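# Observations on chain architecture
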Amino acid sequence: MTTPQADFDGAAILDRLHAVITKYVILPTPEAVDAVALWAAASHAQPAWAHAPRLVIRAPEKRCGKSRLLDVVEGVSFNPLITVNASTPAIYRSIGAGAALTLLVDEADTIFGGKQAESNEELRGLLNAGHQRNRPALRWNNNRDQAEKIDTFCMAALAGIGQMPDTIEDRAVVVRMRRRAPGETVAPYREKRDGPQLRKLAADLTAWLRPHLPALELAEPPMPLEDRAADTWEPLVAIADLAAGDWPDRARHAAETLTAERDGNAPASERVRLLTDCRTAFADYDAMPTQALLDHLNGDDEAPWSEQGPTGLTAMKLGVILREYDIKSEAISFGPPTGRAKGYQRAAFEDAWGRYCLPPETPITGPYRPYQDLAAGPRSIRLVHPAPPDQPALHDEMPPPPDDARGTA
């Protein structure tokens, strides 16, 4: 039996939820605890949201507490449906049954990792579509001889080892678990013993939030984030604003901290990685020959480009990828000894670098200079001459080029 609505103190309920989480699990940061508490609370107000944030609980190794955290989240979430393996049609039908639910998927790395990833593309599409309201799946019903819409919208949490698909993490609050250190202790969780306490807290969350659904549906809380990150965190921030106390500040701080952590640890797509590596190769040059750019890319032992084929990344494949960003090669005069050759202008990359790449760690200052075969702007470069196998390579220090040696198209 829940407390009457008039007696509910939202901040106090969130404090209780925070205490329950930290009783059974050690999370990596205070911001992660706040985020998980707000996510679980937001599951009780799903009819109010335009977006259903995902919760990704990932760890680098086993025994990091991810499954235990998912157990606690199940206990305090609204109408939880937990599974370790389910067919995509079964999940479609469960979500589309009419009642709001919270989908919880454990061992998600066995679904989206390795050889299984390709066969589960439909499930990934379901989880992506269900992040936003009014994105139903369309299926043909042979019994009725007609098309039918199946709802995909619901809160969803996934726990597993390693990164989840980037399209899912882009729609998620990401919590990166770690193994407990010596001296860090938690209470053991037993569903039969501890489950009733969690379900009582879940009932209180429902009783607190359901009368506020109309106000939450209209809420437009000021957000510290933009675009999809703001969509994902808006329900959590709205819950915090409703609770008041210090929760509004904590929610926004958690949003900024966890989003920055997610973006900082997320591997870039191959195309964005190529753009970023091209920016590194250009350094302070305003033009580069295509072959010189390829030599730089394929010569980076920490980059994937040398493995693109027998000879590494080719001019043709480079051109195909860059054309997606409206970057095209052209004939450029580089001066002796290169002369006129196919290459890329720095200006052609600037728009794509600004839109898709993180800012460089050390901004380039001073005038841009053209690429030259034997020198690197105001610096000198070291040329490595091939040497016989039994002799070390020979290095020559080359002087910088004249200040007026610039490439022109």
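Below is a short write-up of the structure.

Here is what the cut-offs are and how they apply
- Residue indices begin from 1 for each chain and proceed along its sequence in written order.
- The predicted nature of this model means local features are confined to residues of pLDDT at least 70 and side-chain atom pairs, given and counted, to a pLDDT of 80 or more, with totals for whole chains, interfaces and linings taken over all residues.
- Water and hydrogen atoms play no part in the side-chain values, which are based on all heavy atoms of the structure.
- Nonpolar cores were defined as sets of buried Ala, Val, Leu, Ile, Met, Phe, Trp, Tyr and Cys residues, with membership established by side-chain atoms within 4.5 Å.
- A simple rule labels every residue: compare its accessible area, found with a 1.4 Å probe on the protein chains alone, to the largest value its type can have, and call it buried under 20%, exposed over 50%, or partly exposed in between.
- Think of it this way: any DSSP run of H or I at least four residues long counts as a helix, any run of E at least two long counts as a strand, and we number them from the N terminus.
- Contacts were defined at the residue level, with two residues in contact if any of their heavy atoms lie within 4.5 Å.
- Aromatic pairing here means that ring centres of Phe, Tyr or Trp (its six-membered ring) are within 6.5 Å. Orientation follows from the plane angle: under 30 degrees is stacked, over 60 is edge-to-face, and everything else is tilted.
- When DSSP finds at least two bridges between two strands, those strands are taken to pair.
- Axes, fitted as lines to C-alpha atoms, cover a helix only where it is in contact. Angles between the N-to-C directions of the axes lie from 0 to 180 degrees.
- Only protein atoms enter the calculation, which uses a 1 Å grid: trapped sets of points that fit a 1.4 Å probe without letting it out are cavities, open sets showing protein on both sides within 12 Å along at least five of seven lines are pockets, and any residue with an atom within 4 Å of a point is a lining residue.
- Grid points are joined across faces, edges and corners, and a volume is the space filled by probe spheres set on the points.
- Reported orientations rely on four angle classes, namely roughly parallel under 35 degrees, roughly antiparallel over 145, roughly perpendicular from 65 to 115, and oblique for the rest.
- Three classes are used, and their members are as follows: Ala, Val, Leu, Ile, Met, Phe, Trp, Tyr, Cys and Pro are nonpolar, Asp, Glu, Lys and Arg are charged, and the others, Gly among them, are polar.
- Here the expected span of a helix is defined as 1.5 Å times the quantity of residues minus one.
- Patch definition: residues with relative accessible area over 30% and no salt bridge; like charges joined within 9 Å; nonpolar side chains (Val, Leu, Ile, Met, Phe, Trp, Tyr) joined within 5 Å.
- The Shrake-Rupley method, run with a 1.4 Å probe, gives the accessible areas here. Residue values count only the displayed protein chains as cover.
- Salt bridges are defined as contacts in which a side-chain nitrogen from Lys or Arg sits within 4 Å of a carboxyl oxygen from Asp or Glu.
- For the purpose of charge, His is not counted, nor are the chain termini; Lys and Arg are scored as positive and Asp and Glu as negative.
- Positions of charges follow a simple convention, taking NZ of Lys, CZ of Arg, CG of Asp or CD of Glu.

By size, the foremost hydrophobic cluster in this structure holds 64 residues, and its most contacted members are Leu17, Leu27 and Ile239. Top element by residues in this core is helix α2 (residues 30-42). It accounts for 10 residues. In this structure, leucine 17 is in contact with Ala37, Ala40, Ala41, Val76, Leu201 and Leu205, ignoring residues within four places of it in sequence. Ranked by size, the runner-up nonpolar core spans 25 residues in total, among them Ala281, Phe282, Met288 and Leu322.

This paragraph deals with the packing of aromatic side chains. Counting across every chain of the model gives 6 aromatic pairs. Judged by centre distance (5.1 Å) and plane angle (55°), the rings of phenylalanine 282 and phenylalanine 349 are tilted. With phenylalanine 282 in helix α13 (residues 270-282) and phenylalanine 349 in helix α16 (residues 346-356), the pair connects residues that are 67 residues apart, well separated along the chain. The residues phenylalanine 282 and phenylalanine 349 share a single accessibility class, namely buried. With a centroid separation of 5.9 Å and 75° between ring planes, the pair formed by phenylalanine 282 and tryptophan 353 is classed as edge-to-face. With phenylalanine 282 in helix α13 and tryptophan 353 in helix α16, this pair connects stretches of sequence that are 71 residues apart. Across the pair, tryptophan 353 and phenylalanine 282 agree in class, each one buried. Grouping aromatic residues by their ring pairs yields a cluster made of Phe282, Tyr344, Phe349 and Trp353.

Reading across the sheet, the 3 strands line up as β8-β10-β9 and stay open at both edges, with antiparallel pairing between neighbours. Each of the sheet's edge strands pairs with one partner strand only, and the pair in question is β8 (287-289) and β9 (330-333). Across the sheet, the axes of successive neighbouring strands diverge by a mean angle of 60°, strand direction being ignored. As paired strands, β9 and strand β10 (residues 340-345) are joined by 4 bridges and run antiparallel to one another. When the bridges of β10 are listed, alanine 331 appears paired with lysine 342. Each of β8 and β10 is contacted by helix α14 (residues 290-298), which is oriented at about 85° to β8, the strand it contacts most.

Along the chain, aspartate 34 falls in helix α2. For aspartate 34, a relative accessible area of 7% corresponds to the buried category. Ignoring any residue separated from it by four or fewer positions in sequence, one finds aspartate 34 in contact with His18, Trp247 and Arg250.

According to the stated counting rule, one finds 3 cavities of 30 Å³ or more in the structure shown. Its volume calculated, the largest cavity comes out at about 40 Å³. If you list the elements that add at least two residues to the lining of the largest cavity, you get β7 (172-176) and α12 (247-265). Looking at the lining of the largest cavity, the element that brings in the most residues is β7, giving 3 residues.

So, on to the sheet that holds strand β6 (residues 155-161). If you trace the 5 strands from one edge of the open sheet to the other, you get β2-β3-β6-β1-β7, paired in parallel fashion. Two strands in the sheet have a free side with no partner beyond their single neighbour: β2 (80-83) and β7. On average, each strand axis in the sheet is inclined to that of its neighbour by 15°, with strand direction left out of account. Sheet topology places β2 next to strand β3 (residues 102-105); 4 bridges connect them, and they run parallel. Along β3, the bridge assignment pairs leucine 81 with leucine 103.

Two quantities define a packed helix pair, namely the angle between the axes and the distance from one axis to the other. Orientation of helix α3 (residues 66-76) relative to helix α9 (residues 191-209), taken along the N-to-C sense of each, is 50°, at an axis distance of 7 Å. Taken together, the axis directions place α3 and α9 in an arrangement best described as oblique. Every residue of α9 that contacts α3 at Asp71, Val72, Gly75 and Val76 is listed here: Leu198, Arg199, Leu201, Ala202 and Leu205. Partitioning the contact of α3 with α9 into residue classes produces 6 nonpolar, 1 polar and 2 charged.

In this section: α2. With 13 residues, α2 extends 18 Å between its outermost C-alpha atoms, agreeing within 8% with the 18 Å of an ideal straight helix rising 1.5 Å per residue. Across the 13 residues of α2, 12 count as buried, placing the element largely inside the fold. Glu31, Ala32, Val33, Asp34, Ala35, Val36, Ala37, Leu38, Trp39, Ala40, Ala41 and Ala42 are the residues of α2 that are buried.

On to a positive patch on the surface. Together, Lys62, Arg63, Arg179 and Arg180 make up a region of like positive charge exposed at the surface. Turning to its location among the elements, arginine 179 is positioned in the loop between β7 and α9. For arginine 179, a relative accessible area of 39% translates into the label partly exposed.

This brings us to the pattern of salt bridges. Oppositely charged side chains may form a pair once their charged atoms are brought near each other. For the structure shown, the criterion picks out 15 salt bridges. A salt bridge links lysine 200 to aspartate 204; the nearest nitrogen and oxygen atoms lie 2.8 Å apart. Note that lysine 200 and aspartate 204 are positioned in helix α9 at a spacing of 4 residues, about one turn of the helix. Classification of lysine 200 by relative accessible area gives partly exposed; the value is 34%. According to the relative accessible area criterion, aspartate 204 is buried, its value standing at 1%. Between aspartate 241 and arginine 252 there is a salt bridge, with the nearest N and O atoms lying 2.8 Å from each other. Of this pair, aspartate 241 sits in helix α11 (residues 227-243) while arginine 252 sits in helix α12, and the two are 11 residues apart along the sequence. Accessibility expressed as a relative area gives 29% for aspartate 241, which makes it partly exposed. Of the residues examined, arginine 252 reaches a relative accessible area of 18% and is grouped as buried. Overlapping salt bridges bring together Arg16, Lys200 and Asp204 as one network.

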